[in-house]
There are 2 protein chains.
Amino acid sequence: MTIEVSRLNNGFTVATDRMDHVETAAVGVWVGIGARHETPQLNGVSHMLEHMAFKGTARRSAQEIVNQVESVGGQINAYTSRENTAYYLRVLAVDVGLAVDILADILQNSTFEAEELERERAVILQEIGQCTDTPDDLIFDQFQETAYPDQAIGRSILGTADNVRSLDRAALDGYMRGNYGADRMVLAASGKVDHGKILRLAEDAFGALAASDVPAPEPAAYRGGQHAEQRDLEQLHLVLGFDGLAYQDPDFYTMSVLSSVLGGGMSSRLFQEVRERRGLVYSIYTFNTAYQDGGLFGLYAGTGADQVGELMPVVMEQLFSIGDTVSSEEIDRVKAQLRAGLLMALENTRARAERLGQHLLIFGRPIPVEEIVERIDAVDAAAIGRLANRVFAGVPTLAALGPVGPLDRLAGWTARPNAAE
Amino acid sequence: MTIEVSRLNNGFTVATDRMDHVETAAVGVWVGIGARHETPQLNGVSHMLEHMAFKGTARRSAQEIVNQVESVGGQINAYTSRENTAYYLRVLAVDVGLAVDILADILQNSTFEAEELERERAVILQEIGQCTDTPDDLIFDQFQETAYPDQAIGRSILGTADNVRSLDRAALDGYMRGNYGADRMVLAASGKVDHGKILRLAEDAFGALAASDVPAPEPAAYRGGQHAEQRDLEQLHLVLGFDGLAYQDPDFYTMSVLSSVLGGGMSSRLFQEVRERRGLVYSIYTFNTAYQDGGLFGLYAGTGADQVGELMPVVMEQLFSIGDTVSSEEIDRVKAQLRAGLLMALENTRARAERLGQHLLIFGRPIPVEEIVERIDAVDAAAIGRLANRVFAGVPTLAALGPVGPLDRLAGWTARPNAAE
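Figured I'd write up the structure that's included with this text. (Residues numbered from 1 in each chain as written. Chains lettered and ligands numbered in written order. Predicted model: local features only at pLDDT ≥ 70, side-chain atom pairs only at ≥ 80, totals over all residues.)

## A short note on the sheet that holds strand β7 (residues 225-230) of chain B
All names here are of chain B. Sheet architecture is open: 5 strands sit in the order β7-β11-β8-β10-β9, paired in mixed fashion. With one partner strand each, in any of the chains shown, β7 and β9 (284-291) form the two edges of the open sheet. This sheet shows a mean twist of 15 degrees between the axes of neighbouring strands, independent of strand direction. Strand direction decides the pairing type here: strand β8 (residues 236-243) and strand β10 (residues 294-303), joined by 8 bridges, are antiparallel. Bridging from a neighbouring strand, Leu240 pairs with Leu299 of β10. (Pairing = 2+ DSSP bridges. Helix = DSSP H or I, 4+ residues; strand = E, 2+ residues; numbered from the N terminus. Axes fitted to C-alpha atoms, helices over the stretch in contact; angles between N-to-C directions.)

See the structure below:
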């Protein structure tokens, strides 16, 4: 096993995944805080914090942060999701110390200066504009809001433009101090790294950080429904989904297999039926998003206004029939795809650090690849049948953006085929 | 050196890049044919051929192709560019033989059946629709057409919708037989591969392929100018560029450094000045595209209608001043970034196969990383100054998509700052 995990006295986790034959390392901090921890008034603060973490600390100006990283050929990046925020670097192996020092600095000593904050508001407003102009991004926000209406987990990660304009230094500082506790943070490093060295660096840099006292977010309450936005586009962009599974659900890996059989590759049912046999789309794929206490299964398709009437019944029929018709050949193929995908990801420092950080936040331990493979291998047609019947019996969520046409068509699109017969 | 290159009697090139510590391989065929080899009547045929190569051969149906690949956990993909078309797989090491067999089959025995062709037309029309709906994709087509008007190299890779509707089996078959000659093809494999074994597989599978007799495409004649499309979007999407450098240009690596100093990372001049100091954009970056006989240097920015009046003079000032003001600190930082990027790419089977295939098509030999590093290290401020003066003295190309406003503003946007003073 190449993975080692340690915990500091304050609850901060340090994990490494050593790869002997590379010359670089990926080092990041995964924080168990994201958009679903926000009140409506603070919606967008997690993401704004992620931006402002790069805008200067007590020891480094914004420009010094990027100059120090890039002058050794490193790359620094970050993302915010509904449950997590991550900050990570890719560096040459000799620069791992710098990487840990910068992560510790931006996560504990950020100053959120007024002038920097004003400029970053403008940048984030441009980011919102870019998302709004990209139909196959925006549709996912509309889908999420429809699946989880009036809930933090349903709101946009970027936040509202009003919030982006008004959130102030005190809000950012308070949110970081209140939520970025040692017990909610995992430093994960993979590549040419030495656990003992990383542990010492982390003790020095994060050892004094206090724990947090973050209340559990409100439970995810899936509701579903329909949302349509008429827009003058070439394609009608659709996301259709159902209530899915939490990380801890015993059927979590069954859902992975089910999702891949339906829309995980070029041999999947939806790709074959909708694109290859009927030519109705260029893009169609499923997704399977898990949270601590819920999840979403769904699919994206981009089609023409004239094609949607053929597409939707075909898609629904694939979903509703899969439980009774999935074959052992399809299941075996998907298992081979998932196994090979795990092996291929093992060759990537960034993917290994990401998996390690995520697993420690979610499960409190690294999940060995062998264990994942074993659980995938245990999935059979009966389990898929039970899960499909459970998931697709639920209320669908449908978001549509583009030449939607008369809105009363939407309800018919998600009806069970032949339901009247 | 881990790279080995062989040539078959018919001119077909076989190249491998062995990585001892991985369990997978990337295997592909890079073909020196792309959209710039097309007549106006055939515009889009290279890309349609790339799609149709997956739609069945004398030995395999379309579904058998993807099933055989995905049932061993492999991934198959392809892309078309202006000068090349590439087909590649990622597979476990034991499946390299299957990968070569499938590549050989789809590149020599495709049948282009009428029914499959009709369906694939519809898929490509959806792909065109998706591109049209994605402003930061579409703007690059508009930029290319404006830089190279009325030339094959300026036309869209996807082709016109009319061509996609009308190109027939004979056109596809003729284009493949006429252009996919052994002398224009490179099989490149990286990862856990054995050169002798790959060579034997390639001899069996590609040894009987004839050479082609492809006339050189019309020379790339950069012209430049302006193109604006008014569209109701949140952001004004801009691509600004200049006549750039061919692969063989002695200043090719000087251009890489110049491009990175201007817009290659978060410490770059444009990112710092336009985003970090002024908050005018979320995305701004430069690109540096080379062809056999020309190239394009350019930048993308997405901004607001109210911000463009501030953005454009700042951008132009950065371009026009870089030649006289670039510092040794900036140059050293960019060299470190480029060196580290080369090292990081060495860890990726796909990136190594891609580089190998491209180098053999373009230069007829693999360029060792050490040679690239040496040439990057040789770049100095004087070389950048000379190149910047040469490039930015040329006619600019500006494409704008979004809330453009009165079109007579555009000409002013690319004027030399303070030109009247």
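## Brief notes about the packing of helix α9 (residues 252-263) of chain A against helix α10 (residues 269-276) of chain A
Residues and elements named next belong to chain A. With their axes 3 Å apart at the nearest point, α9 and α10 run at an angle of 20 degrees to one another. Taken together, the axes of α9 and α10 are roughly parallel relative to one another. Along its contact with α9, which presents Val261, Leu262 and Gly263, the element α10 presents Arg269, Leu270 and Phe271. Tallied by class, residues from the contact of α9 with α10 come to 4 nonpolar, 1 polar and 1 charged. (Parallel < 35°, antiparallel > 145°, perpendicular 65-115°, else oblique. Contact = placed C-beta atoms within 7 Å. Nonpolar A, V, L, I, M, F, W, Y, C, P; charged D, E, K, R; others polar.)

## Details of the nonpolar core
Ranked by internal contacts, the top residues of the largest apolar core, which has 123 residues, are Val27(A), Val100(A), Leu103(A) and Ala189(A). Here this core gets 8 residues from one element, more than from any other, and that element is helix α3 (residues 96-108) of chain A. Once residues lying within four places of it in the same chain are set aside, the contact partners of Ala189(A) are Thr16(A), Ala25(A), Ala26(A), Val27(A), Val96(A), Ile198(A) and Ala353(A). Formed by 122 residues, the second largest nonpolar core is a distinct cluster that contains Tyr222(A), Ala388(A), Leu410(A) and Val100(B). (Core = buried A, V, L, I, M, F, W, Y, C linked by C-beta atoms within 7 Å. Buried ≥ 20, exposed ≤ 12 C-beta atoms within 10 Å, placed from the backbone.)

## Quick look at the interface of chain B and chain A
Between chain B and chain A, the contact holds 53 residues from the first and 53 residues from the second. Among the elements of the structure, α2 (62-70), β5 (85-92), α4 (114-132), α10 (269-276), β10 and α12 (328-345) of chain B are those that each provide at least two residues to the side of chain B that touches chain A. Ranked by the residues each element gives to the side of chain B that touches chain A, the list is headed by α4(B), at 9 residues.

## Brief notes about the sheet that holds strand β2 (residues 13-18) of chain A
Residue and element names in this part refer to chain A. Taken in spatial order, the 6 strands of this open sheet run β1-β2-β6-β3-β5-β4, and their pairing is mixed. This sheet does not close on itself; its edge strands, each paired only once, are β1 (3-7) and β4 (75-80). Here the average twist between neighbouring strands, direction ignored, is 15 degrees. When β2 meets strand β6 (residues 185-191), the two strands line up parallel, connected through 6 bridges. From the neighbouring strand, Asp17 faces β6, where its bridge partner is Ser190. Of the strands in this sheet, β1, β2, β3 (24-31), β5 (85-92) and β6 touch helix α13 (residues 349-363), which is tilted by about 155 degrees from β6.

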